[in-house]
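Each chain, letter by letter, is given below.
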Amino acid sequence: MPLLGCDCKCFSTYEPFPFPPYQPHLSCQLIQSNVQRFTKEEVEDVLSHILRDRSHIDETLRLASEENAAENYHAAIQKLRKIYHSAIKPMEQAYKYNELRAHEISGTGRALVGKDGEITSKPMVLFLGPWSVGKSSMINYLLGLKDSPYQLYTGAEPTTSEFTVIMHGEKTRSIEGIVMAADSSRSFSPLEKFGQSFLEKLIGIEMPHKLLERVTFVDTPGIIENRKQQERGYPFNDVCQWFIDRADLIFVTFDPTKLDVGLELEMLFRQLKGRESQIRIILNKADNLATQDLMRVYGALFWSLAPLINVTEPPRVYVSSFWPFDYAPDTSRELFKREEISLLEDLNQVIENRMENKIAFIRQHAIRVRIHALLVDRYVQTFKDKMSYFSDPDLVFKEIVDDPDKFFIFKSILAKTNVSKFDLPNREAYQDFFGVNPIGSFKSLSAQCSYSGGCLLDKIEKAITSELPGLLSSINPGKAPPGLSSCEATGCGDKPKNRYRKN
């Protein structure tokens, strides 16, 4: 009789079994043959003594007191969607902002919101790291999936070959990647661009779980340094980058026996540049080591990662053993328990701040959309000013696009709007942008006004300076966001006059 999914490691470290303590020279088959002498009830009674108590997970994550918070969250999400659709999306569409993002060379960090599925998406926690370091076991432990039909498969060999998205649903079921990408209500439709081979390696699991009402987990294939990228059959690094750009928290997991850094792991940390605030390093399976050996491994981990994490303040490192079974005897149990609670508090902080972070990111997105509209308007006005009856439109506009500094296009935006130069898009991006979108297809900002709807620029500036900060204040009544309503802070510029209204 199998011991309810417990592998041989259980027997090697725990003693309260009704047979003599495990000796290293005994084989796994011998241990299992001893277990067969006992009934299922006796085995379950033994397991109840070695399985770890999980009550602190619900307490730390406050899963029992989420009803009112969930109602407030959904109400705020609806207000956020309304602001986006009424004030930001019309400007996006009028000046084709999403096409600029597609051509822009340098990214600006987190992926920006452009669809309802992404606006309403829950915080995403991404698990990365070498193979067989305990990523799947950690998810099983946090969600209490031990011995359930949908527990993630684990083992000493490389076991996870798919990107697995664990999310909330009314009933427990698995979803194929092709279905996930085709469902516009979710935020995974952009994954279609990575091809059919990748979608076959994408799987979703839905289940009714309190924690999944607040967060989505993503388990990734382990990094295998001796495997060539083309053997995976899809662009692994590009897919990882897609999830990294959308993750609110990134757990990079190691175990004491896999601290070597190869080309694939080095590439992964390059992709994490600029996301250091979301990264948490986890040294898992720490109860396999004596205290002195653990200190040496901890130092070796930092020595291996130091060349890859070139920041003043290194990411937080959690040292523990994240799986359902109790800590090994004669190890630093209290330390591991405190580390686990600290990690749960970190996770809870990200979850509780999810609305504030979403508002802040959308507001930053609105500022970039507004800057883009001002730049396109400046290109349009410059083109009109330079055109004459005998001018060649193509040559005139090529001169403007090739050398925008000659016509003070970017400098005029900085001078008039108090925008930081670090928020401006690349000049080269506009060469590609206008190569696809002719200048004649855009109206000036002064023409983007109507009698009933007002001006697009007025709407987006109102969203930036008052509506989004007001929404942030409503979910934090005790906090007033300082300076958000100031035009100097947001970069408000000259507002075009609405020619349909009397001024």
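Residues numbered from 1 in each chain as written. Predicted model: local features only at pLDDT ≥ 70, side-chain atom pairs only at ≥ 80, totals over all residues. Heavy atoms only, no water.

Along the protein, the regular secondary structure elements total 20 helices and 10 strands. Taking the contacts inside the protein whose residues are at least 6 apart along the sequence as the reference set, 78% of them involve residues at least 24 apart. Total accessible area on the protein is roughly 24,900 Å²; 51% of this is exposed by carbon and sulfur atoms. (Helix = DSSP H or I, 4+ residues; strand = E, 2+ residues; numbered from the N terminus. Contact = heavy atoms within 4.5 Å. Areas by Shrake-Rupley, 256 points an atom, 1.4 Å probe, with all protein chains shown as cover.)

So, on to the state of the cysteines. The final tally for this structure, using the stated rule, is 1 disulfide. With a sulfur-sulfur separation of 2.0 Å, C449 is cross-linked through a disulfide to C455. Around the S-S axis, the bridge from C449 to C455 shows a dihedral of about 105° and counts as right-handed. (Disulfide = S-S within 2.5 Å.)

With that out of the way, let us pick up the side chain of T216. Examined against the element boundaries, T216 turns out to sit in strand β5 (residues 216-219). When residues no more than four places from it in sequence are discounted, the contact partners of T216 are K122, P123, M124, V125, V165, I166 and M167.

Applying the stated criterion across every chain yields a total of 26 aromatic pairs. Each ring, one from Y430 and one from F433, has its centre 5.9 Å from the other, and the planes form 75°; the classification is edge-to-face. Taken together, the residues Y430 and F433, both in helix α18 (residues 427-436) and 3 residues apart, mark about one turn of the helix. Judged by its relative accessible area of 0%, F433 falls in the buried class. Taken together, Y95, Y379, F383, F397, F410, Y430, F433, F434 and F442 form an aromatic cluster joined through their ring pairs. In this structure, R52 packs its charged tip against the face of Y141, placed 5.0 Å from the ring centre. Above the ring of Y73, the side-chain terminus of R354 is found at 4.2 Å from the ring centroid. (Phe/Tyr/Trp six-rings, centres within 6.5 Å; stacked < 30°, edge-to-face > 60°. Buried < 20%, exposed > 50% of the residue type's maximum accessible area, 1.4 Å probe, protein only. Lys NZ or Arg CZ within 6 Å of the ring centre and 35° of its normal.)

Let's shift gears to the confidence of the model for the protein. Per-residue confidence for the protein gives a mean pLDDT of 79, with 77% of residues at or over 70. Confidence over residues 1-32 falls short of pLDDT 50; this stretch has 58 contacts with residues more than four positions distant or in other chains. Within the model, pLDDT remains below 50 along residues 103-114, and this stretch shows 32 contacts once partners closer than five positions in the same chain are excluded. (pLDDT = per-residue confidence, 0-100.)

Further remarks concern the environment of R173. Structurally, the position occupied by R173 is in strand β3 (residues 173-176). In sequence terms R173 and E206 are 33 residues apart; their C-alpha atoms lie 5.4 Å from each other. Setting aside chain neighbours within four positions, we find R173 in contact with Y150, R186, G204, I205 and E206.

The buried count for helix α11 (residues 236-246) comes to 8 of 11 residues, which makes it a mostly enclosed element. Buried residues of α11: F236, N237, V239, C240, W242, F243, I244 and D245, and no others.

Enumeration over the complete set of coordinates arrives at 13 salt bridges. Residues E339 and R316 are paired through a salt bridge, measuring 3.4 Å at the closest nitrogen-oxygen approach. With E339 in helix α14 (residues 333-352) and R316 in strand β8 (residues 316-319), this residue pair connects regions lying 23 residues apart in the sequence. The salt bridge involving R427 is made with D405; its shortest N-O contact spans 3.0 Å. Of this pair, R427 sits in helix α18 while D405 is found in the loop between α16 (393-402) and α17 (409-417), placing the two residues 22 residues apart along the sequence. Take R427: its relative accessible area is 33%, and that puts it in the partly exposed class. (Salt bridge = Lys/Arg side-chain N within 4 Å of Asp/Glu carboxyl O.)

Attention shifts here to the packing of helix α15 (residues 354-386) against α16. Helix-helix packing: each pair is described by the crossing angle between the helix axes and the interaxial distance. The interhelical angle for the contact between α15 and α16, taken along N-to-C directions, is 135°, at an axis separation of 10 Å. In terms of orientation, α15 and α16 fall into the oblique class. For the pair α15 and α16, the sense of crossing is right-handed. Residues Y379, T382, F383 and K386 of α15 form the contact with α16, whose participating residues are P393, V396, F397, I400 and V401. Per-class residue counts for the contact of α15 with α16 are 7 nonpolar, 1 polar and 1 charged. (Axes fitted to C-alpha atoms, helices over the stretch in contact; angles between N-to-C directions. Parallel < 35°, antiparallel > 145°, perpendicular 65-115°, else oblique. Left-handed = near helix turned anticlockwise from the far one by under 90°. Nonpolar A, V, L, I, M, F, W, Y, C, P; charged D, E, K, R; others polar.)

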